Amino acid sequence: MTAAAAALADEVGLGSLTMGLLAERLGVRTPSLYKHVSGVEDLNRRIAELAMGEAAEAVGVAVQGYAGRDALAAAARSFRAFVVEHPGRYAATLGQEPSGPDDPLASAAGRLLDAFTAVLRGYEIAEPDVDHALRTLRSLFHGFATLQAGGGFQWSADIDESLEWLIAFADRGLRSVSGR
């Protein structure tokens, strides 16, 4: 059910996902969904867990075997691809807080964070600066991907070229912080 809800959220947008629409998609009556979830909030949380795990897997696989700029580029491209291909499920991840360390959402978020932290190892970022660097990368990649997914790049410049420009920009910034 969660996978079907996530696919539907990608199609119609997370804000338009309803229990009735999901029931129709699954060919069941709406009340039968409540045997599996307590409501839309619970469903959104399950979508967030799924999406965070999928994003972690995509970025983790993409950066394996790479370091420095190559790892940065692989992470940026795979993260953007995930958000653009799955805008509804990615939207479900925003604002979700893990309920504790054993929460599957915390585990998936940790795996995604680990993938981006691995990227930073190639830059030899000082430990006190790692959180700042992670927040910077998240802001850059999240902003770019969500703007693209939302149709926010309407001018004529090629979007792929813009992403490569952003990667080069981030690479220069990370190298300047690390002194490399």
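Here, every reference points to the structure presented above.
Rules of the game
- Residues numbered from 1 in each chain as written.
- Predicted model: local features only at pLDDT ≥ 70, side-chain atom pairs only at ≥ 80, totals over all residues.
- Heavy atoms only, no water.
- Axes fitted to C-alpha atoms, helices over the stretch in contact; angles between N-to-C directions.
- Helix = DSSP H or I, 4+ residues; strand = E, 2+ residues; numbered from the N terminus.
- Parallel < 35°, antiparallel > 145°, perpendicular 65-115°, else oblique.
- Contact = heavy atoms within 4.5 Å.
- Nonpolar A, V, L, I, M, F, W, Y, C, P; charged D, E, K, R; others polar.
- Patch = residues over 30% accessible without salt bridge, like charges linked within 9 Å, V, L, I, M, F, W, Y side chains within 5 Å.
- Areas by Shrake-Rupley, 256 points an atom, 1.4 Å probe, with all protein chains shown as cover.
- Salt bridge = Lys/Arg side-chain N within 4 Å of Asp/Glu carboxyl O.
- Buried < 20%, exposed > 50% of the residue type's maximum accessible area, 1.4 Å probe, protein only.
- Polar contact = N/O pair within 3.5 Å; in protein donor to acceptor, adjacent residues only side chain to side chain.
- Phe/Tyr/Trp six-rings, centres within 6.5 Å; stacked < 30°, edge-to-face > 60°.

Caption draft 1: How the structure looks around the packing of helix H1 (residues 2–12) against helix H4 (residues 40–63). With their axes 9 Å apart at the nearest point, H1 and H4 run at an angle of 90° to one another. Judged by the inter-axis angle, H1 sits roughly perpendicular to H4. Across from Thr2, Ala3, Ala5 and Ala6 in H1, the residues of H4 making contact are Leu43, Arg46, Ile47 and Leu50. Taken together, the residues of the contact of H1 with H4 break down into six nonpolar, one polar and one charged.

Caption draft 2: Representation of a nonpolar patch on the surface in the model. Together, Met1, Leu26 and Val28 give the surface a local cluster of nonpolar side chains, amounting to about 210 Å² of exposed area. For Leu26, the location among the structural elements is in helix H2 (residues 19–26).

Caption draft 3: Region of the structure containing the environment of Ala106. One can find Ala106 in helix H7 (residues 104–121). On the basis of relative accessible area, Ala106 is assigned to the partly exposed category, the value being 22%. Ala106 sits 10 residues away from Gln96 along the chain, and the two C-alpha atoms are 9.8 Å apart. In contact with Ala106, other than residues within four places in its own chain, are Pro98, Gly100 and Pro101.

Caption draft 4: Seen up close, unusual backbone geometry. Positive phi values are uncommon outside glycine, yet Glu124 reaches one of about 55°. Considering the arrangement of structural elements, one finds Glu124 in the loop between H7 and helix H8 (130–149).

Caption draft 5: Quick look at the side chain of Arg89. Note on placement: Arg89 falls in helix H6 (residues 87–93). Polar contacts involving the side chain of Arg89 include one to the side chain of His86, which spans 3.4 Å. If we ignore the near neighbours within four places in the chain, the residues touching Arg89 are Ala6, Ala7, Ala9, Asp10, Ile47, Leu50, Ala51, Glu54 and Phe82.

Caption draft 6: Spotlight on the packing of aromatic side chains. In this structure the tally under the stated criterion is six aromatic pairs. Ring centres 5.6 Å apart and planes at 90° place the aromatic pair Phe79 and Tyr90 in the edge-to-face group. You can see Phe79 sitting in helix H5 (residues 68–85) and its partner Tyr90 sitting in helix H6, a full 11 residues away along the chain. Each ring, one from Phe144 and one from Phe153, has its centre 4.9 Å from the other, and the planes form 45°; the classification is tilted. As far as burial versus exposure is concerned, Phe144 and Phe153 are alike and both buried. Taken together, the ring pairs connect Phe79, Tyr90, Phe116 and Phe141 into an aromatic cluster.

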